[in-house]
Amino acid sequence: MNAVILAVLVMVALSLARVSVVFALVVGALVGGLVGGLSLEQTLDAFNEGVGGGAQVALAYATLGAFAVAISRSGLPDMLANRLITLLGKETTAAHQARVKMLLLTAVLLVAISSQNAIPVHIAFIPVLIPPLLTVMNRLRLDRRAVACALTFGLTAPYMLLPVGFGAIFLNDILLANLNSAGEPLGLEITRGMVPMAMAIPVGGMALGLIVALLWSYRRPRDYQAQDIAANVSEGHTPAKPHMLGLVMSGVAIVAALGLQLYSGSMILGGLVGIGLLSLGGIFKWREADDLFTSGMRMMALIGFIMISAAGFAEVMKTTGEIDALVSGAFAIFGDNRGLAALVMLLVGLFITLGIGSSFSTIPIIAAIFVPLAVQFGFSPMATVVLVGTAAALGDAGSPASDSTLGPTSGLNVDRQHDHMWDSVVPTFLHYNIPLVGFGWLAAMML
């Protein structure tokens with residue numbers, strides 16, 4: 001069996017068996033490296049070289065966690081939750097609750113979409129926005145898997161379709177650039193306008209999966225234990241009684257943190273400035289800063305270590321050289337059948353991205369291989385865009401190591417009632433990757 005496939009299968013199987021995702025990634029990397037022909041020393045060297053690339057992301061997550069803890073101590077989350085509960089009114093009919101659920105899900109979805117394009121802050125909004133809403137979700141008996149699906153759709157679909165914000169990076173700077181780089185010697189030329197048009201059909205499949213998740217799969221009520229969300233976030237600290245200066249500074253800190261992130265591109269710097277402003281507002285004293293960061297890192301530590309381990313896993317897979325062998329071996333089996341060729345491209349992309357956890361990182365790996373194959377099989381330029389773009393995006397939603405699933409888990413699991421694998425990864429994998437394969441294949445055959 002190909003080392004990449006075996007490594008991903010081992011990682012996913014261990015994760016689904018509720019083994020720590022960090023442990024699963026390390027074991028998967030070791031298995032993939034050894035089966036791929038590397039010695040134990042070479043595998044560890046590649047893994048260690050890769051983990052450095054995830055350190056910055058892990059530190060950013062820890063800073064966001066500390067910022068979320070500081071916000072929770074301001075009393076703003078309690079005030080927000082109480083206001084929302086008041087807005088629900090005393091009516092508790094099923095029809096009324098269903099309307100409120102859909103309004104809440106729609107609001108979360110729109111914020112997630114805007115985080116990729118209009119206000120490209122990516123997942124930075126989740127630790128601030130979602131924990132205060134958990135009290136309301138519990139009262140509505142809202143299945144958090146539906147919220148995870150809404151968040152993940154908003155974190156992935158926009159950059160695949162809209163060429164602004166992160167979409168400009170994915171569609172123009174990465175996908176278009178790599179397609180033309182690989183296609184130039186073959187006479188293939190892709191224009192900027194072709195890329196979002198080609199990706200519209202696969203994104204339509206994701207939209208269908210979102211509708212199924214919200215209106216059918218997770219529409220039934222689900223009960224969660226009533227807990228003091230603020231206490232869970234603050235690790236036992238009682239939030240301060242809201243006062244005008246504290247609330248004003250909380251709002252200023254949130255705006256400043258997001259604005260500075262947009263300006264500098266650094267979540268770390270934005271979080272630190274936000275924490276400083278909250279301290280000036282009297283939310284906490286500077287001598288409590290160590291405790292604040294400890295609480296924040298404790299809340300986000302798992303996600304940070306998963307990102308670090310995923311970077312090491314990806315480096316081992318690249319070092320083995322088995323990704324090239326996976327592609328060439330698959331096409332040697334299926335010959336010149338265009339339908340099977342398109343399906344193989346998509347499935348190979350799914351396996352690669354499941355392990356790496358980033359569609360942005362997958363494109364440079366597969367474009368140089370897929371573009372010549374697409375030309376050889378007679379696919380049109382638009383179909384080539386669909387195959388490479390969809391193959392890269394497959395697995396971003398539904399990967400245990402993707403920030404598109406780790407981000408939602410970080411907000412929904414504050415009270416330890418939302419399992420990363422079974423409540424974020426599996427639902428998003430089923431509702432987004434299956435439609436992406438189907439619609440991506442259909443688009444490649446039609447265009």
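See the structure shown above.
For the structure given in this document, a descriptive report is provided here. (Residues numbered from 1 in each chain as written. Predicted model: local features only at pLDDT ≥ 70, side-chain atom pairs only at ≥ 80, totals over all residues. Heavy atoms only, no water.)

Next up on the list: the overall build of the protein. When helices and strands are counted, the protein shows 19 helices and zero strands. Here the protein holds 447 residues, and 55% of them are scored as buried. Restricting to contacts in the protein with at least 6 residues of sequence separation, those with at least 24 account for 82%. Accessible area of the protein: about 17,800 Å², with a carbon and sulfur share of 66%. (Helix = DSSP H or I, 4+ residues; strand = E, 2+ residues; numbered from the N terminus. Buried < 20%, exposed > 50% of the residue type's maximum accessible area, 1.4 Å probe, protein only. Contact = heavy atoms within 4.5 Å. Areas by Shrake-Rupley, 256 points an atom, 1.4 Å probe, with all protein chains shown as cover.)

The next point concerns the packing of aromatic side chains. Counted by the stated rule, this structure contains one aromatic pair. A centroid spacing of 6.0 Å and a plane angle of 45° characterise the contact between Phe153 and Tyr432, whose relative ring orientation is tilted. Taken as a pair, Phe153 in helix α7 (residues 144-161) and Tyr432 in helix α19 (residues 420-446) lie far apart in primary sequence, 279 residues in all. For Phe153, a relative accessible area of 9% corresponds to the buried category. Seen from the ring of Tyr224, Arg144 lies directly overhead, with NZ or CZ sitting 4.2 Å from the centre. Lying over the aromatic face of Phe379, Arg338 brings its terminal NZ or CZ to 4.4 Å of the ring centre. (Phe/Tyr/Trp six-rings, centres within 6.5 Å; stacked < 30°, edge-to-face > 60°. Lys NZ or Arg CZ within 6 Å of the ring centre and 35° of its normal.)

A surface patch of nonpolar side chains, about 560 Å² in accessible area, is lined by Leu340, Leu343, Leu347, Trp441, Leu442, Met446 and Leu447. Elements supplying a minimum of two residues to the nonpolar patch: α15 (338-356) and α19. Among the structural elements, Leu340 can be located in helix α15. (Patch = residues over 30% accessible without salt bridge, like charges linked within 9 Å, V, L, I, M, F, W, Y side chains within 5 Å. Salt bridge = Lys/Arg side-chain N within 4 Å of Asp/Glu carboxyl O.)

Another aspect to go through is the pattern of salt bridges. Applying the stated criterion across every chain, the model contains five salt bridges. Put simply, Asp223 and Arg141 hold a salt bridge, and the shortest N to O gap is 2.7 Å. In this pair, Asp223 sits in the loop between α9 (194-217) and α10 (229-234) while Arg141 sits in the loop between α6 (126-140) and α7, placing the two residues 82 residues apart along the sequence. Given the relative accessible area of 56%, Asp223 is considered exposed.

Attention now goes to the side chain of Thr405. By the element assignment, Thr405 lies in helix α18 (residues 403-412). Overall, the relative accessible area of 0% leaves Thr405 in the buried class. One polar contact links the side chain of Thr405 to the main-chain carbonyl oxygen of Ser399, over a distance of 2.7 Å. Each residue touching Thr405, except ones within four places of it in the same chain, is listed here: Gly398, Ser399, Pro400, His420, Ser424, Val425 and Thr428. (Polar contact = N/O pair within 3.5 Å; in protein donor to acceptor, adjacent residues only side chain to side chain.)

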